Structures are given as structure tokens and as C-alpha cells.
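One letter stands for each residue in the lines below.
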Amino acid sequence: MKLLNVLSIVICLLAWVVTAACNQASQPTVNVPPEVKPVKHYYLKGKVVSIDKRAKMLNVDSEGIPGFMEPMTMPYKIKPESGLDQLHPGDSITADLLVQDEGAGAWLENVAVTGHSPPSQKK
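It should be emphasised that the depicted structure is a prediction, and the values quoted were computed from it without experimental measurement. (Residues numbered from 1 in each chain as written. Predicted model: local features only at pLDDT ≥ 70, side-chain atom pairs only at ≥ 80, totals over all residues. Heavy atoms only, no water.)

Colleague: So what exactly am I meant to see when it comes to the overall build of the protein chain here?
Modeller: Of regular secondary structure, the protein chain possesses one helix and five strands. When the helices and strands of the protein chain are listed from N to C terminus, the series reads α-β-β-β-β-β. Contacts in the protein chain between residues at least 24 apart in sequence constitute 50% of all its contacts with a sequence separation of at least 6. As displayed, the protein chain offers around 9500 Å² of accessible surface, 60% of which is attributable to carbon and sulfur atoms. (Helix = DSSP H or I, 4+ residues; strand = E, 2+ residues; numbered from the N terminus. Contact = heavy atoms within 4.5 Å. Areas by Shrake-Rupley, 256 points an atom, 1.4 Å probe, with all protein chains shown as cover.)

What follows is the structure in C-alpha cells.
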């Protein structure tokens, strides 16, 4: 009779260990990073229309980008933001336009001045 009690306890313990091991194995052990949205790169060529340092935005009258957009004037964020300090209305620029899918935004990087605005003439 004692052997039957010991055997019952061993079976219960074994069942508990297997259940605990299965529950632990079903839990993720690695943190999965959130999905990274793809970023598309385009070459932009245009002219600085205005700069809004408060909003950290640059309005650019750009040429068309084949397969993406027609010529238009629109605001862009610029990265790094310190690049705004080197730009002036009327400057011709080239830049990398980065567009993140699903409305996450667009911004300019690697902005290069290819022509400076004419100096303002004061009378």
C-alpha cells in the first residue's frame, strides 16, 4: 500500500513538472523588435523657397521625380536639423529624399547647395 502512495506522488510530481515545462517553453524568450517600416530613397533637385526654423522645415520647389511625384513645392523636414543654418531662400539644392511607407513621413538628408541665391540688393 505504501508503494502505491509513493507511486501516486511520483506520478503527480511528474505531471506537474511536464506541465510547468510546457508552459515555460510556450513563452517567448527573445524580445522581438517592432516591425521596421521600409524607407524609399529618391534624388531631389530643387530650389529653396523658404525656411521655417521654428517648425524645422524647409519649403522646396522641386523638379519632378520620375515614378514618384510631379514637380511641386512642398515642405520637408531636414536631417540633421542643423543643415537649415546653411541654407537660404533662392539656393539651388540637391538632396536625398527619404520616404517612409504608411504615412510615417518624408525628410531630406545629404542636402548640398549647388547654387547660391543672388545677394539681396538694398537701395
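Colleague: Even after reading the chapter, I still don't get the sheet that holds strand β2 (residues 57–62), so can you show me in this structure?
Modeller: Within a sheet, each strand pairs with its neighbour through backbone hydrogen bonds, oriented either parallel or antiparallel. Taking strand neighbours around the barrel as the criterion, the five strands line up as β1-β2-β3-β5-β4 in a closed arrangement whose pairing is mixed. Direction aside, the axes of adjacent strands within the sheet are offset by 50 degrees on average. In this structure, β2 lies alongside strand β3 (residues 72–78), joined through six bridges in antiparallel fashion. When the sheet's bridge partners are listed, S62 is paired in β3 with M72. (Pairing = 2+ DSSP bridges. Axes fitted to C-alpha atoms, helices over the stretch in contact; angles between N-to-C directions.)

Colleague: Looking at this structure, how should I read the nonpolar core?
Modeller: Nonpolar side chains in soluble globular proteins tend to be buried together. Grouped together as the largest cluster of nonpolar side chains are 16 residues, with contacts concentrated most on L44, L58, V60, Y76, I93, L97 and L108. The element that contributes the greatest number of residues to this core is strand β4 (residues 92–100), accounting for four residues. Residues in contact with L58, not counting those within four places in the same chain, are V48, S50, I51, M74, P75, Y76, I78, L84, L87, I93 and L108. (Core = buried A, V, L, I, M, F, W, Y, C linked by side-chain atoms within 4.5 Å. Buried < 20%, exposed > 50% of the residue type's maximum accessible area, 1.4 Å probe, protein only.)

Colleague: I keep staring at the environment of D85 and nothing clicks. Help me out?
Modeller: Tracing the backbone through its elements, the reader meets D85 in the loop between β3 and β4. Each C-alpha atom of the pair D85 and I51 lies 9.4 Å from the other, and the pair is 34 residues apart in sequence.

Colleague: Can you help me understand the pattern of salt bridges in this one?
Modeller: Scanning all chains against the criterion turns up two salt bridges. With a shortest N-O distance of 3.3 Å, K53 and D85 are connected by a salt bridge. With K53 in the loop between β1 (39–52) and β2 and D85 in the loop between β3 and β4, this pair connects stretches of sequence that are 32 residues apart. Given the relative accessible area of 48%, D85 is considered partly exposed. Its salt-bridge partner being K56, residue E81 comes within 3.5 Å of it at the nearest N-O pair. One end of the pair, E81, is in the loop between β3 and β4; the other, K56, is in the loop between β1 and β2, with 25 residues separating them in the sequence. (Salt bridge = Lys/Arg side-chain N within 4 Å of Asp/Glu carboxyl O.)

Colleague: Looking at this model, I keep getting lost on the packing of aromatic side chains. Mind explaining?
Modeller: If you walk through the whole model with that rule in mind, you get one aromatic pair. With 4.2 Å between their ring centres and 20 degrees between their planes, Y42 and F68 make a pair best called stacked. One end of the pair, Y42, is in strand β1; the other, F68, is in the loop between β2 and β3, and 26 residues separate them in sequence. By relative accessible area, which is 19% here, Y42 ends up buried. (Phe/Tyr/Trp six-rings, centres within 6.5 Å; stacked < 30°, edge-to-face > 60°.)

Structural measurements only, silent on function.
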